Amino acid sequence: MTSYALFLGCTIPARQPHYELAARKALTKLGIELVDLDNMTCCAPPPLQSIDLETSLAIAAYNICLAEEADLNIVTLCTGCFESLAMANTLLKEKEELRERVNKILLSVGKEFKGNKEVKHFLQVLMSDVGLSNIKKNITKPLNKLKVAAFSGCHLLRPSALLRFDDPERPRIFDNLIEALGAKSILYKNKLRCCGGLLRGYADDVALAIARDKIVNTTRAGADCISTLCPFCFLTLDLGQMLIKTTYKEEYNMPVIHYAELLSISLGVNPKELALDFHKVKLDPVLNKIG
Amino acid sequence: MEEAKIGVFLSDCGKQLAGILDFKGIAGYLKKVPQVSLVAVGSEFRRGQGLKTIVDAVKDGKINRVVVAENIPKLGEINIVEAVENAGLNPNFVEVIDIKDHCAWPHRDTPKEATEKAKAMLLAATERVKLAEPIEKLEFPALKSVLVVGGGLAGMQAAEDLADMGFKVYLVEKEPFLGGLAAKAGRFFPTDDCAICIQSPASDVKTITHTSRKCVYRSGFSEIPNLNVLTNSRILKVEGAPGNYKVTVERKPRYVSEEKCVVCDLCTSVCPVEVPDEYNARLKKRKAIYINTPLVYPPVYVIDAEACKFEECAKCVEVCPTKAIELSQKSEKVTLNVGSIIVATGFREYDSSVIKEYHYGEYPDVITQLELARMIDGFGPTKGMIIRPSDRKPAKRIVFVQCVGSRDRRWNPYCSSICCMISLKHATLIKSAFPDTDITICYIDIRTTGREHEYYYERAREMGIKFVKGRPTEILHDPEANLLIVDVEDELLRRFLELEADLVVLSPAMVPVEDAKQLAEVLGLELDKDGFFKEYNAKLRPTETKKRGIFICGGATFPKDAPTTSLQAHSAAVKAAKFLLSGKIVKDQKTAYVNEDYCGDCEFCPVTCPYSAITLTEKADGHFVAHVDDLLCEGCGVCVGTCPVGAIELRHLKPSQILAQMKALLSVNGTSKPLILAFCCSECGHAAVDSSGMAMLRYPANVRIMRVPCTGILQVQHILEAFKAGAQGVMIVGCKPDGCHYEVGSQKAQKKAEIAKALLKEYGIESERLEMFNLVYMEGDKFAEAARAMTEKVERLGVLQLA
Amino acid sequence: MAEGIQKKTSTKDFAKEITGRLGGETITLCYQCGTCAASCPVAKITDKYNPREIIRLALLGLKDEVLSGGAIWLCSSCYNCQERCPQKVEIADVIYALRNIAIREGNMPNIYAEFAAGLMSEGRIVPISKFLEKKRAEFGLPPLKPAGVEAVRKILSTAEFDKIQFKKGEAQ
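Keep in mind the model is a prediction, meaning the values are calculated, not measured.

Draft legend 1. Here's a closer look at the overall build of chain C. Each helix and strand in chain C was counted, giving 10 helices and 0 strands. Seen in sequence order, chain C has helices and strands lined up from the N terminus as α-α-α-α-α-α-α-α-α-α. Its C-alpha atoms give chain C a radius of gyration of 19 Å, clearly above 16 Å, the size a compact globule of 172 residues would have. A principal-axis box enclosing the C-alpha atoms of chain C has dimensions of 65 × 35 × 25 Å.

The structure is reproduced here in structure tokens:
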């Protein structure tokens, strides 16, 4: 049984308990122990990096120190958290002068970044600790060739020099994990392009226009649903369709579903146990197709 | 050896220096120095009557050592040494010093002190020649034959030059045919001459013509006397020495006899095997037996050993009218004896498939310039038609993308220099032949720097070729329309464009050939940080390498256009010719030698020698000693500075000479200031001292200059001896660390200085009494300043008391 | 425009100020090829934002225009530009550096002030409602572990984050 310190971040516990629920159920079923540590904080994502980059690295490092002290590697659900923590982890491991500066700040809370732990996204844990064949073995409800528009979001892959997760131009890991569930990961225009989520609250019109593009492209490609990994992407595309309806007077009804939810369902978890009411765009067509 | 009888000749430069230096006093002093048998003062001694005085004194046996204080020492030295040698004296017994720039001029405000310093300088010179031993002239064989590696534009031109000059030339080419990139690329900018012209040297063999160009097949290239062409061959091993190399070449079997093939093409018509034609960008297929283009050199077919079925088939053997096909041919090794080697291996296109956003290798309609060149070539796979590889339809909308993998810090940071012109060339050729083609070139900058290149660019615009200033981020493919879309920002319009294209042509970076590294190892050549063969000095020694006798030219040193390639080819040929012309290499034995009894086979010197002149040889008793190759040794002395036991010495500057000179320079003070000894390297360091004098700058006379070949010769010992001999301060003046004329010496000296400083501290001596300076000729002012500052500093530190 | 560049005063050393900040070290490598602009999802949707132009303005020293304009807040941090840049300019990180400088000079959109406030009061930029915390048990989720608010506050104070004037700025 491999154990990881689960890093939840802010948005998932605050807005998307269904993501956390599905992830816990799925990972536990696959033999991963998730440990909840005390005192974890915000990962210090782009909005905070925009205020002060170095302080944000210190906050990220603080969370990594908690895991170092518990002798556990970190797993995240939100890809935004993955990027913040993994980027900080790599930068501080590799840049001595920066590490010294950040450790000076961490001294004030009695912590020291040692750089002896890894930060992983749960997809990496699925690949390295469980493996595709094991996942397939545990599937009790294959997804019946569901046409999934895979959308990993930006921060799973980029900046690739620091994240080193997958080939940033030809990523395959997410698509392989979707197809392992018996679904089909389809091609669609501008698949790797940002959803615009981080602009919400500052330039809502721009953010919505970018989100709409994604909904249009996935619809045109004939997707049954969009599968996400990031709570921001989810919000932008799910809640976003409500705003698209009022702003653009267009209705797409494109279900948006987290990969963790698809994984849970295919592993046999009853959809009724997954708090799917949190989805704004109803998932009935997806659930019906899966059967 | 008979006792030294030293003649000292002092030039007062037409009495100019007499106003400062007391020549009478100096002469009187010198006459009292033991073994000085003649002192003469005159206007100048490097020519005319003055020179005759020296020569006569030698011939009459009055003197057997010569010291001359001459203005413009180097010029003087050449004349004097030659004259003296002709008179029968060994050139190592001559020492020429400069009391004008190194004494009279800089110390003209303190003539008494200058005079005393002059005495010290002359005393040191007498010490040097007193202890000198005769130096031999060595002769090494220089075979009048040259190996040219690479049969492209550069190789062919260099080979022809040398063959015409009477040298025996071996032109070795790894492909089955000559021509290289030039043959593939077709027309050449800016005059659009065709490949057939541009490869060959222009001469019409065996007739004296002055035509500007000649098709290579009509030039009779391979009939040039003395020229041996070995295709399908590569270099395995190189042994020997400059002037006398032994090269092992492996010749791959062609399976077709060069003597019998009549190029009738019957064999290809019966060959059952078809493979994609790599040469022609896989736009068509070829047979297992083939030639690349209708005109090839040598005009002999070749069999692709991996595709051919050999004896299982042998259909070609049956039909060949001259029985030229020999399936039993084997690889053979050939040994060539040559005096010199010229590397002309060219360059190739970078593999753009790593730049994934451009989808080269994935989308068939994304091609490279060289692949487009094959289409443009009328003899090529599409007979001059520009088509889309995916569906063979004509390409009516073409987008060129510049700087693919070039000027890109992720792949190749440099600019490949010719790609802008290549795009313009291809665009204008296509537009001329097919005016209804829509062509756009996406660029970061358009670089048309050569002669007539700007007119080329102008013509392109006049023909309606469009230019977008912007580097595409991605090339997309629309599967329904089977169209490519180039996603680019037009920066000048400040608008995003999605350019539709039938064909996208990438301008990839130009990089060294795949086996450059391996060849560099075989030849012992250095590659620069981009993997190209390194020129010794691009300004002053172009096409030369650090290895005497091995030259490089053409694209192998950096991507370049045809005119520049030609230039370099001819340069390399001239240099090889110069090197070998007299049939022998004559060199003074001003080299290092090893005292084998002391040598502890520690391996320091072979590793440090910048010229790889030292090797370890095994003695009969099993232990190793260092051995210096006189031909490769440059006499810099870095090895002397490196050897921990003093087992290696320079013939022309022995340890006893160094010590004696040091003592002499410090033996006469005449100033109230502390004596400072400045070790100056004979290149930049000494030149800085020269220039400070020539520019009439001032520094005090307590600073005494000790010239060494390279500051790398200095051991910590020398520095400590200087203090013992009476120096209150020591300066080391060498070349800039990254510009040492002997490659590593200056950096080695820096290390020694650091160690010496630490030792001085241990002895309770202030380490600031020792300083190293890195100066060039132009920094004479910095030298004067350094000398003054050092003097002041040492004065402040007080008198050094050694126990 | 007849006034051209004279109207805006160029700040000498603005480029140096940027390269001296974490994230901004590579800005001077830019040779204006436009790859970043073409890779940018925001630039494709609105002409209010173009990363190449922002860098150009910054390198020309037009500090005021860069820092008080609204453009630098429109980057969605997708990092596509940084992936594709042939000079390895860390464009998205440069935007962070520019934002960091802008905030110190008193220009900051309201939303960022809210984020900072959330962080300083609860250790999270998105506060978690008590209501939702209670609902967790209903779903079968374990109770949330307490956040390290004290630690965050200490870190922010040591890093002098709290000294940054979180003025509600005038960014468009």
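Next comes the rest of the description.
Draft legend 2. Region of interest: the overall build of chain B. The helix and strand tally for chain B stands at 23 helices and 36 strands. For chain B, the spread of C-alpha atoms along the principal axes amounts to about 100 × 65 × 55 Å. Taken over 803 residues, chain B has a buried fraction of 50%. The long-range share in chain B, meaning contacts at least 24 apart out of those at least 6 apart in sequence, stands at 71%.

Draft legend 3. Up close: the interface of chain C and chain B. Each partner contributes to the interface: chain C provides 14 residues, whereas chain B provides 15 residues. In terms of residue count, helix α2 (residues 35-39) of chain C provides more of the side of chain C that touches chain B than any other element does, 4 residues in total.

Draft legend 4. Summary view of the interface of chain C and chain A. Taken residue by residue, the interface counts 51 residues in chain C and 47 residues in chain A. Of all the elements in the fold, those that place two or more residues in the side of chain C that touches chain A are α3 (41-45), α6 (80-84), α7 (91-104), α8 (110-122), α9 (130-139) and α10 (149-158) of chain C. In terms of residue count, the dominant contributor to the side of chain C that touches chain A is α10(C) (6 residues). Class assignment for the residues of the side of chain C that touches chain A results in 35 nonpolar, 10 polar and 6 charged.

Draft legend 5. Seen up close, the nonpolar core. Ranked by size, the top nonpolar core spans 292 residues in total, and within it A:A61, A:L85, B:V148, B:A158, B:I342, B:V504 and C:L98 carry the most contacts. At 11 residues, the largest contribution of residues to this core is made by helix α4 (residues 53-69) of chain A. Apart from residues no more than four positions distant in its own chain, A:L85 is found in contact with A:F7, A:C43, A:A60, A:N63, A:I64, A:I74, A:T76 and A:V119. Grouped together as the second largest cluster of nonpolar side chains are 114 residues, B:L17, B:C103, B:A118 and B:L123 included.

Draft legend 6. Quick peek at the packing of helix α21 (residues 716-724) of chain B against helix α22 (residues 745-762) of chain B. Residues and elements named next belong to chain B. Where α21 meets α22, the closest approach of the two axes is 9 Å, and the angle between their N-to-C directions is 50°. Here α21 is positioned oblique relative to α22, judged by the angle of their axes. Here the hand of the crossing between α21 and α22 comes out right-handed. Taken together, the residues of α22 that come into contact with α21 (itself represented by V716, I719 and L720) are K752, I755, A756 and L759. Among the residues making up the contact of α21 with α22, the classes are represented as 6 nonpolar, no polar and 1 charged.

Draft legend 7. A look at helix α6 (residues 153-164) of chain B. Residue and element names in this part refer to chain B. When the terminal C-alpha atoms of α6 are compared, their 17 Å separation across 12 residues agrees well with the 16 Å that a helix rising 1.5 Å per residue should span. In terms of residue burial, α6 counts as a mostly covered element, since 11 of its 12 residues are buried. One or two positions beyond α6, positive phi appears at G166, with a value near 100°.

Draft legend 8. Here's a closer look at the packing of helix α11 (residues 204-220) of chain A against helix α12 (residues 231-248) of chain A. All names here are of chain A. Taken N-terminus to C-terminus, the directions of α11 and α12 make an angle of 105°; their axes are 9 Å apart at the nearest point. In terms of orientation, α11 and α12 fall into the roughly perpendicular class. Between α11 and α12, the contacting residues are A207, L208, A211, R212, K214 and I215 on the first element and T236, L237, G240, Q241, L243, I244, T247 and Y248 on the second. Here the contact of α11 with α12 is composed, by residue class, of 8 nonpolar, 4 polar and 2 charged.

Draft legend 9. A look at the domain arrangement of chain C. The domain boundaries assigned to chain C delineate domain 1 (10-104) and domain 2 (110-163). Each of domain 1 of chain C and domain 2 of chain C has a C-alpha centre, and these two points are 30 Å apart.

Draft legend 10. Just the sheet that holds strand β22 (residues 474-478) of chain B, in detail. All names here are of chain B. Pairing is antiparallel in the open sheet, where 3 strands are placed in the order β22-β23-β24. With one partner strand each, in any of the chains shown, β22 and β24 (495-501) form the two edges of the open sheet. On average, adjacent strands in this sheet sit at an angle of 30° to one another, irrespective of strand direction. By the bridge criterion, 5 bridges tie β22 to strand β23 (residues 483-490) in an arrangement that is antiparallel. By the bridge assignment for β23, E474 is matched with D487.

Draft legend 11. A look at the confidence of the model for chain C. The pLDDT averaged across chain C works out to 88; a share of 90% of its residues lies at or above 70. Across the whole predicted complex the pTM is 0.90, and at the interface the ipTM reaches 0.94.

Draft legend 12. The sheet that holds strand β35 (residues 729-734) of chain B, seen in detail. Residues and elements named next belong to chain B. The 4 strands are arranged β34-β33-β35-β36 in an open sheet whose pairing can be described as parallel. What marks the edges here is a single partner per strand, and that holds for β34 (703-708) and β36 (770-774). Averaged over all pairs of adjacent strands, the angle between their axes in this sheet comes to 20°, without regard to strand direction. Taken together, the 5 bridges between β35 and β36 define a ladder with parallel strand orientation. Paired with G734 across the strands is N774, a residue of β36.

Draft legend 13. Structural detail: the pairing of strand β7 (residues 225-228) of chain A. All names here are of chain A. Here β7 shows two buried faces, one formed by C225 and S227 and the other by I226 and T228. Across 4 bridges, strand β5 (residues 147-151) lies against β7 in parallel orientation. Along β7, the bridge assignment pairs V148 with C225. With 3 bridges connecting them, β7 and strand β8 (residues 256-258) associate as parallel partners. Paired with T228 across the two strands is H258, which belongs to β8. Traced from β7 through α12 to β8, the parallel crossover comes out right-handed.

Draft legend 14. The pairing of β24(B), seen in detail. Residues and elements named next belong to chain B. With 7 bridges joining them, β23 and β24 adopt antiparallel strand pairing. Bridging across to β24, V488 finds its partner in L497. Counting the residues between successive antiparallel strands, the hairpin from β23 to β24 contains 4 residues, one of them, R494, with a positive phi of roughly 55°.

Draft legend 15. Examining the environment of B:L30 more closely. All names here are of chain B. Structurally, the position occupied by L30 is in helix α1 (residues 23-31). Residue classification places L30 among the buried residues on the basis of 20 C-beta atoms within 10 Å. C-alpha separation for the pair L30 and K736, spaced 706 residues apart in sequence, amounts to 37 Å. When sequence neighbours within four positions are dropped, the list of residues in contact with L30 reads V8, V36, V39 and L122.

Cut-offs applied
Residues numbered from 1 in each chain as written. Chains lettered and ligands numbered in written order. Predicted model: local features only at pLDDT ≥ 70, side-chain atom pairs only at ≥ 80, totals over all residues. Helix = DSSP H or I, 4+ residues; strand = E, 2+ residues; numbered from the N terminus. Rg over C-alpha atoms; globule rule 2.2 N^0.38 Å. Buried ≥ 20, exposed ≤ 12 C-beta atoms within 10 Å, placed from the backbone. Contact = placed C-beta atoms within 7 Å. Nonpolar A, V, L, I, M, F, W, Y, C, P; charged D, E, K, R; others polar. Core = buried A, V, L, I, M, F, W, Y, C linked by C-beta atoms within 7 Å. Axes fitted to C-alpha atoms, helices over the stretch in contact; angles between N-to-C directions. Parallel < 35°, antiparallel > 145°, perpendicular 65-115°, else oblique. Left-handed = near helix turned anticlockwise from the far one by under 90°. Expected span 1.5 Å × (residues − 1). Domains from an automatic or database assignment. Pairing = 2+ DSSP bridges. pLDDT = per-residue confidence, 0-100. Right-handed = clockwise from strand over helix to strand, strands pointing away.

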